[in-house]
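Structural characterization, general
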Amino acid sequence: LEAAQRRAASLEAEVSRLERSLAALRQEREADSAKIAALEARSRGLEAELSDARRIVNEGAAQHRAKLDEAGQAKERELAAARAEAKRLERSLEEERARVEQQRRDAERRQEGVIGDLEGRVKRTLQAKDETISELRVRCSAADNKIREFEYLLARQREELLSEITGA
């Protein structure tokens, strides 16, 4: 019997130890459950933060894309305006070139007219000069003839006067 009592006491001690161990395990399980609940709550919070962060990133990316699109459109508008201005300036340049060319042609025609007028005046002046020279030559020739006549008459009168002086 004693052996059975020792065995019963030993088994009771074992049961008591196992019950304490079970209670400790239950406490650990409750602590682990609390930790798990806290970790799950923290995980849900982190997931919510991650979701918010993704939403913020997506909104930021969308805003950035919108700004990039707007900047691209503004750049396209500026580029189109610059192209239009370049075309306007090219047309203006062509018009100015045509106007300058027309002015050059007009000036050339005026110069040709002035040169033609001058050539005509020079020709008329030269003709008048030639006529004057010709007339002066005729006059000089006539004057030379008169001078010879007067010299002849003077020589004859001298002879007559000498002959009257010497003969008388």
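Only a predicted model underlies this, so the values are computations on that prediction, with no experimental measurement involved.

**Here we look at the overall build of the protein chain**
If you tally the helices and strands in the protein chain, you get one helix and zero strands. In terms of C-alpha radius of gyration, the protein chain reaches 69 Å, well past the compact-globule figure of 15 Å for 168 residues. Based on the C-alpha atoms only, the size of the protein chain along its principal axes is roughly 235 × 30 × 15 Å. Per-residue burial for the protein chain yields a buried fraction of 1% across its 168 residues. Accessible surface, the protein chain as shown: approximately 15300 Å² in total, 56% of it carbon and sulfur.

**A word on the pattern of salt bridges**
This structure, assessed with the given rule, holds 12 salt bridges. Across the pair Glu94 and Arg97 runs a salt bridge whose closest N-O atoms are separated by 3.1 Å. Of this pair, Glu94 and Arg97 both sit in helix 1 (residues 2-167), three residues apart, which is roughly one turn of that helix. Residue classification places Arg97 among the partly exposed positions, given a relative accessible area of 49%.

**Things to note about the environment of Lys75**
When you line up the elements, Lys75 lands in helix 1. Taking the C-alpha atoms as reference, Lys75 lies 16 Å from Ala86; in sequence the two are 11 residues apart.

**Digging into a nonpolar patch on the surface**
On the surface, Phe150, Tyr152 and Leu153 cluster together into a nonpolar patch covering about 340 Å² of accessible area. With respect to the element layout, Phe150 can be found in helix 1.

Parameters and conventions
Residues numbered from 1 in each chain as written. Predicted model: local features only at pLDDT ≥ 70, side-chain atom pairs only at ≥ 80, totals over all residues. Heavy atoms only, no water. Helix = DSSP H or I, 4+ residues; strand = E, 2+ residues; numbered from the N terminus. Rg over C-alpha atoms; globule rule 2.2 N^0.38 Å. Buried < 20%, exposed > 50% of the residue type's maximum accessible area, 1.4 Å probe, protein only. Areas by Shrake-Rupley, 256 points an atom, 1.4 Å probe, with all protein chains shown as cover. Salt bridge = Lys/Arg side-chain N within 4 Å of Asp/Glu carboxyl O. Patch = residues over 30% accessible without salt bridge, like charges linked within 9 Å, V, L, I, M, F, W, Y side chains within 5 Å.

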